[in-house]
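Per-entry structural report
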Amino acid sequence: KLEYVQLLSAGAERWIGQLPDGVLLSTCRGAHGGSTAEQVIGGLVAMYRDFPRFQRAQERREWDYHRTDTLQDKRLLVIGAGDLGEQLSRRLTGWDCSVTLVGRRARDGVRGVAELPALLPEYDAVVLMMPLTSETTGMVDAAFLARMADNAILVNAARGAVVDTDALVAELRTGRLRAILDVTEPEPLPADHPLWSMGGLILFPHVGGSCDGLEKRSWHVAAAEIERYARGERPRNLVHGEY
C-alpha cells in the first residue's frame, strides 16, 4: 500500500529505481542549501586567503606575513541549478563574485550542460552541486579537468562519484588545479589514499549539511511536503531527473 516516500536528505540516488511504479519520492530540498553554501564559501575563502598556511605557521609560532588572493571579483561556475546552486549563487553575489548557473538544460538564467566545454576555461572556480544520476556519474573526468583554467579550483559539494578520482589526483599532482572536496569516491577515504597527502586540497568528511539545526530544518521541509500530499496536492520536491 506504499504510495509516497519522503526523504530527509537532498540526495535521492539510493532510492531512484528502487521503488515500485507509481510510488512518489520527494527529497528534502531546501533544508541543506544554506549550510552547504556556507561551507563552499568557507572553503573558498580559506583557500584564497591561505588560512591553512597561516594555521600551520601559528602552530610553529612563526609570523608568516605574505599577501594572499581574494574571493572578491572571482568568476564561479556552479553546476547544479536547484536549491543548492541557487542558495550558493545568492550568497556569492554579496561577495562581489560573478556566478553562472548550469543545469541539465538551458533555461532563463541557467546555461545548459552542453555548453560546459566552452564555459570551463573562463572561470576561476567550478562548484559541483548536481545530484548523482547516470548522466552525472563520472562527469568530471580528465577531459573536463583539462578544460578548466590554470590555477582554477574545483569544489565538489555534490557526490564523490561525480568526479573521476584518479583523474583529479593526476591534475592535483601537477599543481595546475586546486580542489575543495566535501565528498569523495570512495568514501570514507582509505588511510593510504593519495588524496590525504595532496597539495592544493582542502578535504572535508562529508559535513556540508552537518551543523546545528539540521534536524529542525529537515523536518520542517518534510512536514510541509507530507502535509501537501495529505491535502491531495503535489509535493514540491518530487524527484524528476533535473538539476
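One structure accompanies this document, and this report is about it. Going along each chain's sequence as written, the residues are numbered from 1 onward. It should be noted that, the model being predicted, local features are given only for residues of pLDDT at least 70 and side-chain atom pairs only at 80 or more, the latter also being counted only at that level, while totals for whole chains, interfaces and linings use all residues. Only hydrogens and water are set aside when side-chain values are computed; all heavy atoms of the structure are taken into account.

**Observations regarding the overall build of the chain**
To be explicit about the condition: We count a stretch as a helix when DSSP gives it H or I for four or more residues in a row; a strand needs E for two or more, and each element gets its number in order from the N terminus. We take the radius of gyration over the C-alpha atoms and set the globule estimate at 2.2 Å times the residue count to the 0.38 power. Exposure is judged per residue with a 1.4 Å probe applied to protein chains only, and the accessible area is read against the type maximum: over 50% gives exposed, under 20% gives buried, and values in between give partly exposed.
Regarding its fold elements, the chain presents seven helices and nine strands. Over its C-alpha trace the chain gives a radius of gyration of 19 Å, about what one expects of a compact globule, namely 18 Å for 243 residues. When its C-alpha atoms are laid out on the principal axes, the chain stretches across 65 × 40 × 40 Å. Sorting the 243 residues of the chain into buried and exposed places 45% on the buried side.

**Structural notes on the environment of R228**
Relative to the helices and strands, R228 resides in helix α7 (residues 214-230). Along the backbone, R228 and E135 are 93 residues apart, and their C-alpha atoms lie at a distance of 30 Å.

**Some words on the nonpolar core**
Formally: Residues enter a nonpolar core if they are buried and are Ala, Val, Leu, Ile, Met, Phe, Trp, Tyr or Cys, with the set joined through side-chain atoms within 4.5 Å. Should any heavy atoms of two residues lie within 4.5 Å, those residues are considered in contact.
By size, the foremost hydrophobic cluster in this structure holds 33 residues, and its most contacted members are V126, L128, F144, L145, M148 and L154. Contributions of two or more residues to this core are made by β3 (75-79), α4 (116-119), β6 (125-128), α5 (142-147), α6 (165-174) and β8 (178-181). With four residues, the top contributor of residues to this core is α6. Aside from chain neighbours lying at most four places away, what touches L128 is I79, V140, L154, V155, N156, A157, A158, V162 and V163. With 26 residues, the next largest nonpolar core counts V40, L71, L92 and V127 among its residues.

**Details of the sheet that holds β8**
Rules: A pair of strands is considered paired only if DSSP assigns at least 2 bridges between the two.
Strand order in the open sheet formed by seven strands is β5-β4-β3-β6-β7-β8-β9, with parallel pairing between adjacent strands. Of all strands in the sheet, those bounded by a partner on one side alone are β5 (111-112) and β9 (201-203). Taken together, the four bridges between strand β7 (residues 153-156) and β8 define a ladder with parallel strand orientation. By the bridge assignment for β8, V155 is matched with I180.

**As for the layout of surface pockets**
One way to see where empty space is left: roll a probe the size of a water molecule over the atoms. Worth spelling out the cut-off: Grid points spaced at 1 Å and placed over the protein atoms alone form the basis of the search, with a cavity being a set where a 1.4 Å probe fits but cannot get out and a pocket an open set showing protein on both sides within 12 Å along at least five of seven lines. Lining residues have an atom within 4 Å of a point. Grid points are joined across faces, edges and corners, and a volume is the space filled by probe spheres set on the points. In this classification, the charged set is Asp, Glu, Lys and Arg, the nonpolar set is Ala, Val, Leu, Ile, Met, Phe, Trp, Tyr, Cys and Pro, and all remaining amino acids, among them Gly, are polar.
There is about 1,000 Å³ of room inside the largest pocket. The wall of the largest pocket is formed by 47 residues, among which A10, G11, L84, M130 and P131 lie closest to the centre. With three residues, helix α3 (residues 83-93) is the largest single contributor of residues to the lining of the largest pocket. Looking at side-chain class alone, the lining of the largest pocket contains 17 nonpolar, 19 polar and eleven charged residues. Along the walls of the second largest pocket sit 15 residues, with E13, R14, R159, E187 and H206 positioned nearest its centre. For the lining of the second largest pocket, a count of residues per class yields five nonpolar, five polar and five charged.

These figures capture arrangement, not role.
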